[in-house]
Amino acid sequence: AAKAAGKDRVVAYDVTLRERQLQRIDVVDRLRTAIGTEAIVVHYQPIVSLSSGQFTAVEALVRWVPPGQAPIGPDDFIPAAEDSGLIVPLGEQVLRQACRDAAAWYHEYGTKLTVNVSPRQLAEPDFASRVRRALGDAGLPASALILEITEGVLVAAGAQAEQCIAHLGDLRRAGVQVAVDDFGTGYSSLAYLRDLPIDILKIDRSFMPDAATGDAVQQVALVRTIVDLAHTLRLTAVAEGVETDEQTAVLRTLGCDKGQGFHYGRPASADRTAAVLAGALSAPAQH
Ligand code: C2E
Ligand code: MG
Ligand code: MG
Ligand code: MG
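Residues numbered from 1 in each chain as written. Chains lettered and ligands numbered in written order. Predicted model: local features only at pLDDT ≥ 70, side-chain atom pairs only at ≥ 80, totals over all residues. Heavy atoms only, no water.

A. Looking closely at the overall build of the chain. On a plain count of helices and strands, the chain comes out with 11 helices and eight strands. A globule of 287 residues ought to have a C-alpha radius of gyration of about 19 Å, and the chain, at 20 Å, matches this closely. If you line up the chain on its principal axes, its C-alpha atoms span 65 × 50 × 40 Å. For the chain, with 287 residues in total, the buried portion stands at 45%. Put simply, 68% of the contacts in the chain that link residues at least 6 apart link residues at least 24 apart. As presented, the chain carries roughly 14,600 Å² of accessible surface, and 53% of it is formed by carbon and sulfur atoms. A distance of 3 Å separates the average location of the 27 positive side-chain charges in the chain from that of its 35 negative side-chain charges. (Helix = DSSP H or I, 4+ residues; strand = E, 2+ residues; numbered from the N terminus. Rg over C-alpha atoms; globule rule 2.2 N^0.38 Å. Buried < 20%, exposed > 50% of the residue type's maximum accessible area, 1.4 Å probe, protein only. Contact = heavy atoms within 4.5 Å. Areas by Shrake-Rupley, 256 points an atom, 1.4 Å probe, with all protein chains shown as cover. Lys, Arg positive; Asp, Glu negative; His and termini not counted. Charge placed at Lys NZ, Arg CZ, Asp CG, Glu CD.)

B. Quick peek at the confidence of the model for the chain. Confidence along the chain averages 90 in pLDDT terms, with 91% of residues attaining 70 or more. Confidence drops under a pLDDT of 50 for residues 1-8, and excluding neighbours within four residues, the segment shows zero contacts in the predicted structure. Among the prediction metrics, the complex's ipTM stands at 0.98, with pTM recorded as 0.91. (pLDDT = per-residue confidence, 0-100.)

C. Summary view of the coordination of the magnesium ion (ligand 3). Note on the magnesium ion (ligand 3): its protein donors are Asp181 (OD), Asp182 (OD), Glu240 (OE) and Glu240 (OE). The metal-donor distances range over 2.0 to 2.7 Å. The distance between the magnesium ion (ligand 3) and the magnesium ion (ligand 2) comes to 4.0 Å, with Asp181 serving as a donor to both metals. Separated by 59 residues along the polypeptide, Asp181 in strand S5 (residues 177-183) and Glu240 in the loop between strand S7 (236-239) and helix H10 (245-254) bring together distant segments of the chain. Residue Asp181 is classed as buried on the basis of its relative accessible area of 8%. By relative accessible area, Glu240 is classed as buried at 11%. (Donors = N, O, S within 2.8 Å, 3.2 Å for Na, K, Ca; no water.)

D. Spatial organisation of the coordination of the magnesium ion (ligand 2). The coordination sphere of the magnesium ion (ligand 2) contains the protein donors Glu59 (OE), Asn116 (OD1), Glu148 (OE) and Asp181 (OD), at a distance range of 2.0 to 2.3 Å. For the magnesium ion (ligand 2), the donor residues sit on a single chain with the sequence spacing E-x56-N-x31-E-x32-D.

E. Structural context of the pattern of salt bridges. For the structure shown, the criterion picks out 10 salt bridges. Notably, a salt bridge pairs Arg30 with Asp26, separated by 3.8 Å at the nearest N-O pair. You can see Arg30 and its partner Asp26 sitting in helix H1 (residues 2-34), four residues apart, about one turn around the helix. Glu92 is paired through a salt bridge with Arg130; the nearest N and O atoms lie 2.7 Å apart. In this pair, Glu92 is assigned in helix H3 (residues 87-109) and Arg130 in helix H5 (residues 127-138), connecting sequence segments 38 residues apart. (Salt bridge = Lys/Arg side-chain N within 4 Å of Asp/Glu carboxyl O.)

As structure tokens, this is what we get:
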């Protein structure tokens, strides 16, 4: 009976796998035609200084809005874009659009821009020059740009890992900052922190204390450990996924530098972000 069940499971798995492969081919075909058009939209989410309440940066987050359809979130197409290599032109479109949008915000409010970068992009031989060109064309200084990479970037880059590190080094010498995104969810975290040229550590949102899901003391102790680790390495600590007043209070107590999450603002269109930044500037600083 066990053998029969095992056999059934294998068959069922094969069918879903095949369906998923077909779906992915369809996504890749449709995404290919969307790249370069207005169907690729960039939204922005604020990053807030926990000491002053000021919006110090916005993170660019891509959305795909096929004409006449509901927006598709990045989790539903970035993996296919990475596998197919479409992430390279897609990522460049997002970077160039975001630099153009953010230039005005930087000049008016000093708000910086942070952009997610995939391993495939970072491994491109001309990645650093593409970034410099996007900055120059938009009139955004290098010191206003932060690039977010994940801990897995060197594993994903394989033989090109050295080249990725060299690109990050080049860009950092030009004034660009580098952040490790989703910190704590990957593997070999400490070796990465040692080997990668980085400035900022973004603590994954799964570490935010949540009274509903277990031992609060232990959860807070874990965040404290990550914040202290960041500071020991002279990195800026940014908490992701901050949703409540309580979490903000804990993060302030722990000396975490910055926060990002629905508590401060959801990702919003460029127009809406411009209005929010204008309002935040005229309103008294939030404490
Ligand atoms: P990420 O870079 O870690 O971005 C943060 C994600 O968490 C965003 O999801 C954001 O909407 C969500 N988030 C922010 N605050 C909260 C909160 O308080 N609670 C909860 N539950 N979620 C929050 P989004 O926009 O769906 O993006 C998902 C991921 O897709 C990003 O994670 C990033 O890894 C990737 N991504 C987005 N845009 C790009 C891009 O242009 N290029 C690349 N390579 N990846 C991108
Ligand atoms: Mg990110
Ligand atoms: Mg993240
Ligand atoms: Mg993420």
